[in-house]
Amino acid sequence: MANMVGQVLESHKITFHEDELPPKGLSHNKVLHITVQCKDYFITRILIDGGSSLNICLLVTLRTLGKGIHNIKDRAINVKAFDDSQRSIIGEISLCLQMGPTWFNVDFQVIDVPASYNLLLGRPWIHAAGAVASTLH
């Protein structure tokens, strides 16, 4: 549901409108995707996932932002994917993202896998932002 943010209020809240629901209305089964800005780039298909204990950045997304392996801090950890497989991360990077009028410095674990999203914002970002994700919208 990319670009479905209805209004960004001056109080730094993102709100949604009922007319932004997909055609299926309340019975839809789509994930929450948003668009953010990182420097001069707009990044689409940002998945908000309250079930993820990490913020994930795909290597291909970093390359699109003009960043390379040399920008990634070494970090040797394994993560468990949604299919219960174990994967090693490449490292960690901090990106400054703008959502509405607010900027967030977000630490991401970088991984090189195919995915349907460009960034995944999990509980670390949700908690730091004090956000409550509305998966309905």
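See the structure printed just above.
This one's a predicted model, so the numbers in the text were calculated from it and none came from an experiment.

### A word on the pattern of salt bridges
Then comes step 1: Per the stated rule, a full pass over the model turns up one salt bridge.
Then comes step 2: Close ionic contact of Arg 75 with Glu 92 constitutes a salt bridge, the shortest N to O distance being 3.5 Å. Linking Arg 75 in the loop between helix H1 (59-64) and strand S6 (78-80) with Glu 92 in strand S8 (residues 91-99), this pair joins segments that are 17 residues apart in sequence.
Then comes step 3: Here Glu 92 falls in the buried class, since its relative accessible area comes to 12%.

### Let's talk about the environment of Ser 94
Then comes step 1: Within the element layout of this structure, Ser 94 appears in strand S8.
Then comes step 2: Note on Ser 94: relative accessible area 37%, which makes it partly exposed.
Then comes step 3: Sequence-wise, Ser 94 and Asn 105 are 11 residues apart; in three dimensions their C-alpha atoms are separated by 6.4 Å.
Then comes step 4: Other than its neighbours up to four places away in sequence, Ser 94 contacts Asn 105, Val 106 and Asp 107.
Then comes step 5: For Ser 94, the side chain forms a polar contact with the side chain of Asp 107, separated by 3.3 Å.

### Observations concerning the side chain of Asn 118
Then comes step 1: Examined against the element boundaries, Asn 118 turns out to sit in the loop between strand S9 (102-111) and strand S10 (119-121).
Then comes step 2: Look at Asn 118 and you get buried, because its relative accessible area is 14%.
Then comes step 3: Apart from the residues within four sequence positions on either side, Asn 118 is in contact with Ile 43, Thr 44, Arg 45, Cys 57, Leu 58 and Thr 61.

### Observations regarding the side chain of Ser 52
Then comes step 1: Turning to its location among the elements, Ser 52 is positioned in the loop between strand S4 (41-48) and strand S5 (56-58).
Then comes step 2: Of note is the side chain of Ser 52, whose polar atom sits 2.8 Å from the backbone oxygen of Leu 54.

Calculation notes
As a convention, each chain's residues are numbered from 1 in the sequence order in which they are written. In view of the model being predicted, local features appear only for residues whose pLDDT reaches at least 70, and side-chain atom pairs are presented and counted only at 80 or more, with totals across whole chains, interfaces and linings using the full set of residues. With hydrogens and water excluded, all non-hydrogen atoms of the structure serve as input to the side-chain values. A side-chain nitrogen of Lys or Arg and a carboxyl oxygen of Asp or Glu constitute a salt bridge if their distance falls within 4 Å. Only DSSP runs of H or I covering at least 4 residues are called helices, and only runs of E covering at least 2 are called strands; the numbering of each starts at the N terminus. Throughout this description, buried means an accessible area under 20% of the type-specific maximum (1.4 Å probe, protein chains only), exposed means over 50%, and partly exposed covers the range between. We call two residues in contact whenever any of their non-hydrogen atoms come within 4.5 Å of each other. Contacts described as polar in this section are N or O atom pairs within 3.5 Å, which, within protein, must combine one atom able to donate a hydrogen with one able to accept it, while residues neighboring in sequence count only if both atoms come from side chains.

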